[in-house]
Amino acid sequence: MPGTVEKKLAELGIPIPTPATPVANYVGFVRTGNLIFVSGQLCFDAEGKLVATGKLGATVSVEDGQKAARACAVNVLAQLKAALGDLDKIARVVRLGGFINAAPDFLETPKVMNGASDLVVTAFGDKGRHARTTIGVAVLPMDAAVEVEGLFEVT
Amino acid sequence: MPGTVEKKLAELGIPIPTPATPVANYVGFVRTGNLIFVSGQLCFDAEGKLVATGKLGATVSVEDGQKAARACAVNVLAQLKAALGDLDKIARVVRLGGFINAAPDFLETPKVMNGASDLVVTAFGDKGRHARTTIGVAVLPMDAAVEVEGLFEVT
Amino acid sequence: MPGTVEKKLAELGIPIPTPATPVANYVGFVRTGNLIFVSGQLCFDAEGKLVATGKLGATVSVEDGQKAARACAVNVLAQLKAALGDLDKIARVVRLGGFINAAPDFLETPKVMNGASDLVVTAFGDKGRHARTTIGVAVLPMDAAVEVEGLFEVT
């Protein structure tokens, strides 16, 4: 039975997918004490297709970048659900790291990352307000437009 | 009444400014247990103007990059002061992450980041000696030359 | 007397070197509570020479990149050994951050980073399975091909 966070997201048309399984010697999340570190998640949609590929400032629009960032955040939550069973167990979103596949002259990376930040605040309310670092990177796996990692405190 | 750390910085002509307020759904810092994660801070000066914009190895000199890194570190401390009221409550600077807006052939990113490392050691002495990761990134928000994030242990 | 982790690595021909000493106001690791944050380590070999310099997707092959990532991971373990004396005190590899010096069109950064992930799983077994974020960066210090940082839980 989904908790209140997952119900709210479902009502908004945002189902939590089965998380991606890493295809190498690492895992989607690690818990240490009451902290959960979630691996960098790419912008896969529920069908396993990347929402946007390529670089912001070149072939990807800010709007599509925001959708990609939001998809990354959904995938971060999918890892959390796999970790905890219930997203209601999250006490606080501590930090999101946002990595934007960007042309060297693209200056709107924070606007892109807002797609992820808005999603977690939608999900968790005030507990979703997080520390954040956003950078423009040279390239991402599979040419994904955005990658997001997360750190969470568990009740 | 400022504590000894803030007094020392003031005597060196380094006032702690009011921290920048994030203009999106995130916050400048999050505390979890006795750790404080500070969001990536750009190189704004006390007047809210970026100390340096553009890329190291292209239009920004190493010296100006160091000044920018130092300004980032001051802004990290500003977030800490907002979090704690008194910088004397810091038990240890755990980690700084340095993101240098760099041309692909610029090899002096650690020298640039020393501007931030030196500032926190000036402020905190041995407690200021931190783990550090420095990378050259494709681009930063507003074309800032440097961004620095921080992790701190509180007494 | 080396512990079982270090013995296993020695049998595989992977000695743990003396860790690099940072040449600035930072340190190779910081412990806070039962967490150890290890600074970003470059791909130096046991003789202090970089295993690979330059960019993946340009002058560095995936295979050489993997060797570089593995060397970074060995250097991360060297910092841990300096911190703890005995690698057997590691309860869990919590997170690795992988920074690949990459041309903007190089899409195999995860494959490169596997060189580091495989090494820590070889060393620690299931306790070595970690959260991971891999990004392609514009440039690294000394033009190193790979840099890896780590977070560990201590028993």
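As the structure is a prediction and not an experimental result, all values here were calculated from the model. (Residues numbered from 1 in each chain as written. Chains lettered and ligands numbered in written order. Predicted model: local features only at pLDDT ≥ 70, side-chain atom pairs only at ≥ 80, totals over all residues.)

Draft legend 1. Summary view of the relation of the copies chain A and chain C. When chain A is fitted to chain C, the best match, at an RMSD of 0.0 Å, comes from turning it 120° and sliding it 0.0 Å along the axis. Given the turn and translation reported, the copies of this chain are related as if by a three-fold rotation axis. Mapped onto chain C, only 9% of the interface residues of chain A again fall at the interface, so the copies present different surfaces. (Least-squares fit on C-alpha atoms with pLDDT ≥ 70 in both. Contact = placed C-beta atoms within 7 Å.)

Draft legend 2. Highlighting the nonpolar core. In terms of nonpolar packing, the biggest core is built from 168 residues, with Val137(A), Val137(B) and Val137(C) touching the most fellow members. Excluding anything up to four places from it in sequence, Val137(B) contacts Ile135(A), Gly136(A), Val137(A), Phe99(B), Ile100(B), Asn101(B), Ala102(B), Val137(C) and Ala138(C). (Core = buried A, V, L, I, M, F, W, Y, C linked by C-beta atoms within 7 Å. Buried ≥ 20, exposed ≤ 12 C-beta atoms within 10 Å, placed from the backbone.)

Draft legend 3. Focus on the confidence of the model for chain A. Residues of chain A with pLDDT of at least 70 account for 100%, and the chain-wide mean is 96. For this predicted complex, the interface score ipTM comes out at 0.96, alongside a pTM of 0.97. (pLDDT = per-residue confidence, 0-100.)

Draft legend 4. Main features of the packing of helix α2 (residues 62-84) of chain B against helix α3 (residues 109-124) of chain B. Residues and elements named next belong to chain B. Interhelical geometry of α2 versus α3 gives an angle of 40° and a closest axis separation of 7 Å. Considering the angle they form, α2 stands oblique to α3. Note that α2 runs across α3; the crossing there is right-handed. On α3, the residues touching Val62, Gly65, Gln66, Lys67, Ala69, Arg70, Cys72, Ala73, Val74 and Leu77 of α2 are Lys111, Val112, Met113, Asn114, Gly115, Ala116, Leu119, Val120 and Ala123. Classifying every residue of the contact of α2 with α3 gives twelve nonpolar, four polar and three charged. (Axes fitted to C-alpha atoms, helices over the stretch in contact; angles between N-to-C directions. Helix = DSSP H or I, 4+ residues; strand = E, 2+ residues; numbered from the N terminus. Parallel < 35°, antiparallel > 145°, perpendicular 65-115°, else oblique. Left-handed = near helix turned anticlockwise from the far one by under 90°. Nonpolar A, V, L, I, M, F, W, Y, C, P; charged D, E, K, R; others polar.)

Draft legend 5. Fine view of the interface of chain B and chain A. Listed per partner, the contact involves 22 residues of chain B and 26 residues of chain A. Those elements giving two or more residues to the side of chain B that touches chain A turn out to be β1 (29-32), β2 (35-42), β3 (90-101) and β5 (146-154) of chain B. Broken down by element, the residue count for the side of chain B that touches chain A peaks at four residues, all from β2(B). Here the side of chain B that touches chain A is composed, by residue class, of 14 nonpolar, five polar and three charged.

Draft legend 6. Expanded view of the interface of chain A and chain C. Taken residue by residue, the interface counts 22 residues in chain A and 26 residues in chain C. A total of four residues in the side of chain A that touches chain C trace back to one element, the largest contributor, which is strand β2 (residues 35-42) of chain A. Of the residues in the side of chain A that touches chain C, the class split is 14 nonpolar, five polar and three charged.

Draft legend 7. Region of the structure containing the relation of the copies chain B and chain A. Once chain B has been moved 0.0 Å along the axis and rotated by 120°, it coincides with chain A to within an RMSD of 0.0 Å. The overlap is low: 9% of the interface residues of chain B also sit at the interface in chain A, so different surfaces are used on the two sides.

Draft legend 8. Quick look at the environment of Val38(C). Summarising the element assignment, Val38(C) is placed in strand β2 (residues 35-42). Considered as a pair, Val38(C) and Val148(C) are 110 residues apart in the sequence and their alpha carbons are 9.0 Å apart. Excluding anything up to four places from it in sequence, Val38(C) contacts Ala131(B), Gly28(C), Phe29(C), Val76(C), Gln79(C), Leu80(C), Glu149(C) and Gly150(C).

Draft legend 9. Representation of the sheet that holds strand β1 (residues 29-32) of chain A. Residue and element names in this part refer to chain A. Ordered in space as β1-β2-β5-β3-β4, the five strands form an open sheet in which the pairing is mixed. In this open sheet, the two edge strands, each paired with only one partner strand, are β1 and β4 (131-137). Across the sheet, the mean angle separating the axes of adjacent strands is 15° when strand polarity is ignored. Of the strand pairs in this sheet, strand β3 (residues 90-101) and β4 are connected by seven bridges, and their pairing is parallel. Paired with Ile100 across the two strands is Gly136, which belongs to β4. Across the sheet, helix α2 (residues 62-84) lies against β1, β2, β3 and β5 (146-154), angled at about 40° from β5, the strand it touches most. Contacts from helix α3 (residues 109-124) reach β3, β4 and β5, with the element oriented near 160° to β3. (Pairing = 2+ DSSP bridges.)

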